Amino acid sequence: MNIREEFLNNYLVHLKGALSRSLCEDWVQDYFTRTGIDESDPGTFPQEPDLFSERSRTIPMREASPMTWDAVCELLGGEDQIEERTLYFNNSFNLNINNGAHEVWKGPSSESPGWHKDGWFFRHFLDSPEQALLCLVIWRDIQPRSGGTFFAPDSVPPICRDLLAHPEGLPHTRGWGRFIHECKDFRELTAETGDVFILHPFMLHAPSQNPCGRIRFMNNKVVSLNKPMQFNQPDGNYTALEASILQALEVESLNFHITGERKRTEDFSCMEEETAA
Ligand SMILES: O=C(O)CCC(=O)C(=O)O
């Protein structure tokens, strides 16, 4: 199965060994050195159950992971379509230190807390360019019950329907987690060092508990388009992302026009002024 077919079948692509183990281990060890954390001594771990580590390193995606680069370009219609600032990996790790470690383990379900769709920096439309893919970069092995992100592939169609019904746009505070009750396919991410999961940008996901005693090293990288998606191409030549949305809505094409104003923060920071819908 090629990347496009995999994305259309599953609304995600699992790239195995997309980054070299040596690069991942070097960056993780650098985190321990900078912070003085001893991974064999949980007494030295940060007090917060989860946090973002400080960013001190950046590397072009093309250089760090040609496999991810090729997949992202394939799904979005080529390098020219992609916002250049979003084509880098960095070491602002999304750390799950020991979230919910002392509570009874609960696997992914509609009752799991924290289901959401990403994109706190813009107003959301069906064709929004800002969050075109959600890449989860895995810097260390993640075994079951070790903080792997929960995700629900069948959340994509209900989210597409909600966005279609709101051409005026929706705030990032929409509360898309409500659509988890229309889902049946709940998964826990497990992966090996250097894997990359490319998730559909509309996929609901949530943090999980991490009782394993090891810090979970992941980061969540946004990839943006330069221009809004187009669902009414005269030649029917859709990118995999556009095709996935048409597929989720069970239509061949769509005459979609926004009726509200596009808004975003230029630096990807959280939009403050939006109110919940
Ligand atoms: O930490 C996690 O596993 C969840 C991450 C997440 O929800 C996000 O980055 O949007």
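Our structure is the block above this text.
The following refers to the structure shown.

Thresholds applied
Residues numbered from 1 in each chain as written. Predicted model: local features only at pLDDT ≥ 70, side-chain atom pairs only at ≥ 80, totals over all residues. Heavy atoms only, no water. Near = heavy atom within 4 Å. Polar contact = N/O pair within 3.5 Å; in protein donor to acceptor, adjacent residues only side chain to side chain. Areas by Shrake-Rupley, 256 points an atom, 1.4 Å probe, with all protein chains shown as cover. Helix = DSSP H or I, 4+ residues; strand = E, 2+ residues; numbered from the N terminus. Nonpolar A, V, L, I, M, F, W, Y, C, P; charged D, E, K, R; others polar. Buried < 20%, exposed > 50% of the residue type's maximum accessible area, 1.4 Å probe, protein only. Pairing = 2+ DSSP bridges.

**As for the site of the ligand**
Around the ligand lies a shell formed by Asn94, His116, Asp118, Thr149, His205, Pro207, Arg216, Met218 and Asn220. Separating an oxygen atom of the ligand from a side-chain N or O atom of Asn94 is a distance of 3.3 Å. Interatomic distance of 2.8 Å between a side-chain N/O atom of Arg216 and an oxygen atom of the ligand. The fraction of the free accessible surface of the ligand (290 Å²) that becomes covered by protein chains is 87%. With three residues, strand β11 (residues 216-223) is the single largest residue contributor to the shell around the ligand. Tallied by class, residues from the shell around the ligand come to two nonpolar, five polar and two charged.

**Here's the deal with the pairing of strand β9 (residues 196-199)**
Going residue by residue along β9, you find Val196 and Ile198 tucked away on one face and Phe197 and Leu199 tucked away on the opposite face as well. Taken together, the four bridges between strand β6 (residues 133-138) and β9 define a ladder with antiparallel strand orientation. From the neighbouring strand, Cys135 faces β9, where its bridge partner is Ile198.

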